[in-house]
Amino acid sequence: MIVSTILKEIETVLSQVAEDQLQELAGELQKAERIFIIGEGRSGLMAKSFAMRLMHLGATVYVVGETITPAIGEGDLLVAVSGSGTTKSVVWTSEKTQSLGCPVIAVTTNPESPLAAAATRILHVPAATKYRRENELKTIQPLGSLFDQCVHLLFDTICLQYSQLSSVSNNDAFARHSNLE
């Protein structure tokens, strides 16, 4: 069954990510005054979903490139998502953020990438990308689907840990959920 194969692929990737690393990242996010998030394509959609959930949990969060995103500054943090670690806009934004003295958390499959080089911390997600490099996990799925699925689950795990650190209940989060639907 295809779904079983996909679930096994996801489990293989996620089992290689240490949960205490996710807890540490949740703590860093909690300490940041504001959180900025960037990604392109489907990875960018995963990044935006992460930003949305952090907003529900009470974080002050912005998506880079949106019209209401302010200047990043002292006390702020950037989360940059790129499976390959080579997406030009994500790498450039990370380099610029680091030059301004703000920490960068890179979320990538490639800890040797330009994105990783521009990061303060790396969340290594050992999944396949659209490039199908030799060292990448094999997958039956097209392009970067496995990376994007795993990133979404890792971000949700970080959000759960963030909510626990911040003592944010489901009712608190629901109160921040859109009511204009």
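Everything that follows concerns the structure shown earlier in this document.
Residues numbered from 1 in each chain as written. Predicted model: local features only at pLDDT ≥ 70, side-chain atom pairs only at ≥ 80, totals over all residues. Heavy atoms only, no water.

One way to put it is that helix H3 (residues 41-56) packs onto helix H6 (residues 145-165) with a least axis distance of 9 Å and a crossing angle of 10 degrees. Judged by the inter-axis angle, H3 sits roughly parallel to H6. Viewed along their axes, H3 and H6 form a crossing whose handedness is right-handed. Facing H3, whose interface residues are Arg-42, Ser-43, Met-46, Ala-47, Ser-49, Phe-50, Arg-53 and Leu-54, H6 presents Ser-145, Phe-147, Asp-148, Val-151, His-152, Phe-155, Ile-158, Cys-159 and Tyr-162. For the contact of H3 with H6, the residue count by class is 10 nonpolar, 4 polar and 3 charged. (Axes fitted to C-alpha atoms, helices over the stretch in contact; angles between N-to-C directions. Helix = DSSP H or I, 4+ residues; strand = E, 2+ residues; numbered from the N terminus. Parallel < 35°, antiparallel > 145°, perpendicular 65-115°, else oblique. Left-handed = near helix turned anticlockwise from the far one by under 90°. Contact = heavy atoms within 4.5 Å. Nonpolar A, V, L, I, M, F, W, Y, C, P; charged D, E, K, R; others polar.)

Another point: the pattern of salt bridges. All chains considered together, the criterion is met by 5 salt bridges. For Arg-121, the salt bridge identified is with Glu-24, shortest N-O distance 2.8 Å. Here Glu-24 lies in helix H2 (residues 19-31) and Arg-121 lies in strand S5 (residues 121-124), a separation of 97 residues in the sequence. Linking Asp-76 and Arg-34 is a salt bridge whose minimum nitrogen-to-oxygen distance equals 2.6 Å. You can see Asp-76 sitting in the loop between strand S2 (61-63) and strand S3 (77-81) and its partner Arg-34 sitting in the loop between H2 and strand S1 (35-39), a full 42 residues away along the chain. (Salt bridge = Lys/Arg side-chain N within 4 Å of Asp/Glu carboxyl O.)

At a closest axis distance of 8 Å, the pairing of H2 and H6 adopts a crossing angle of 60 degrees. The angle between H2 and H6 places the two elements in the oblique class. Viewed along their axes, H2 and H6 form a crossing whose handedness is right-handed. The residues of H6 that touch H2, namely those facing Glu-19, Leu-22, Gln-23, Leu-25, Ala-26, Gly-27, Leu-29 and Gln-30, are Leu-154, Thr-157, Ile-158, Gln-161, Tyr-162 and Leu-165.

Let's shift gears to the sheet that holds S1. Spatially, S2-S1-S3-S4-S5 is the arrangement adopted by the 5 strands of the open sheet, whose pairing is parallel. Whereas interior strands pair on both sides, the edge strands pair on one side only; in this sheet they are S2 and S5. With direction set aside, neighbouring strand axes in the sheet form an average angle of 20 degrees. Direction of pairing for S1 relative to S3: parallel, over a ladder of 5 bridges. Across the sheet, Ile-37 pairs through a bridge with Val-79, a residue of S3. H3 rests against S1, S2 and S3 of the sheet, and its axis sits at about 160 degrees to S1. (Pairing = 2+ DSSP bridges.)

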